[in-house]
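# Structure assessment
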Amino acid sequence: MSENTGIGVTPPKKKCNDANCPFHGQLKCHGRVFEGTVISARMTRTVNVEWDRKHYLPKYEGYEKRRTRIKAHNPECLDAREGDHVRISECRPLSKTKHFVVIENLGKERGFEEKLEAREEAKVKSPKKELKEEESPDEGKRK
Ligand SMILES: [Zn+2]
């Protein structure tokens, strides 16, 4: 087993045979590290991670809420599930839309189901608003 993640995180207790695992495979991590919540784990070894960020609006001298969604590789040893709070790190592109990997599973996020339910309700009321939030991370785009 190699410690080639380059980041100070506790390696998972379980082992796996995933070549794209930062702990047991050959994958090296570099670049940015984020924390977020798994909103979908339906794909094989891939999770959708989402987190809120604030975007500054000089005109109003205040912030608006933006959401970032990113696909991340989910090694078997970490086994992130829907509703888990995870730490992800940038890595080499693993597929067309995937260039992040889960490096730490921080456990279930509290109030995740309530949050999801509230969002579903909001979707019914304003379906167009949800579409806007599918954005690429950072680089604060201005409207
Ligand atoms: Zn592993």
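Before any of the text, the structure's been laid out above.
Parameters at a glance
Residues numbered from 1 in each chain as written. Predicted model: local features only at pLDDT ≥ 70, side-chain atom pairs only at ≥ 80, totals over all residues. Helix = DSSP H or I, 4+ residues; strand = E, 2+ residues; numbered from the N terminus. Contact = placed C-beta atoms within 7 Å. Core = buried A, V, L, I, M, F, W, Y, C linked by C-beta atoms within 7 Å. Buried ≥ 20, exposed ≤ 12 C-beta atoms within 10 Å, placed from the backbone. Pairing = 2+ DSSP bridges. Axes fitted to C-alpha atoms, helices over the stretch in contact; angles between N-to-C directions. Expected span 1.5 Å × (residues − 1).

### Remarks on the overall build of the chain
Helix and strand content of the chain: two helices and five strands. Listing every helix and strand of the chain by position from the N terminus yields β-β-β-β-β-α-α. The long-range share in the chain, meaning contacts at least 24 apart out of those at least 6 apart in sequence, stands at 55%.

### Some words on the nonpolar core
Counting 18 residues, the largest nonpolar core has Ala72, Ile88, Val101 and Val102 as its most contacted members. Secondary structure elements with two or more residues in this core: strand S1 (29–40), strand S2 (46–57), strand S4 (84–95) and strand S5 (98–108). Those residues in contact with Ile88 that sit more than four places away from it in its chain are Phe34, Gly36, Val49, Ile70, Ala72, Phe100, Val101, Val102 and Ile103.

### Regarding the environment of Val86
Checked against the element boundaries, Val86 lands in strand S4. Not counting residues up to four positions away in its chain, the partners in contact with Val86 are Gly36, Val38, Val49, Ala80, Val102, Glu104, Asn105 and Leu106.

### Details of the sheet that holds S1
What the five strands build is a closed barrel, ordered S1-S2-S3-S5-S4; its pairing is mixed. In this sheet, neighbouring strand axes are inclined to one another by 50° on average, regardless of whether the strands run parallel or antiparallel. With seven bridges connecting them, S4 and S5 associate as antiparallel partners. Bridge pairing in S5 links Glu90 to Phe100.

### Some words on the pairing of S2
Direction of pairing for S1 relative to S2: antiparallel, over a ladder of three bridges. Considered in S2, the bridge of Ser40 is made with Asn48. Pairing between S2 and strand S3 (residues 62–73): twelve bridges, direction antiparallel. Counted as the bridge partner of Arg53 is Arg66 from S3. As consecutive antiparallel partners, S2 and S3 are separated by four residues, and within that stretch Glu61 has a phi angle of approximately 50°, a positive value.

### Considering unusual backbone geometry
Most peptide bonds take the trans form, and the phi angle of most residues other than glycine is negative. Positioned with a positive phi, Arg45 is a non-glycine residue whose angle comes to about 55°. Relative to the helices and strands, Arg45 resides in the loop between S1 and S2.

### A word on helix H1 (residues 112–125)
With 14 residues, H1 should reach 20 Å at 1.5 Å per residue; the first-to-last C-alpha distance of 20 Å fits that figure. Within H1, only zero of the 14 residues are buried, which leaves it mostly out in the open.

### Examining the pairing of S1
As paired strands, S1 and S4 are joined by six bridges and run antiparallel to one another. Directly across from Cys29, in S4, lies its bridge partner Cys91. Taking the residues that link successive antiparallel strands as the turn, the S1-S2 hairpin has five residues, and the phi of Arg45 there is positive, at about 55°.

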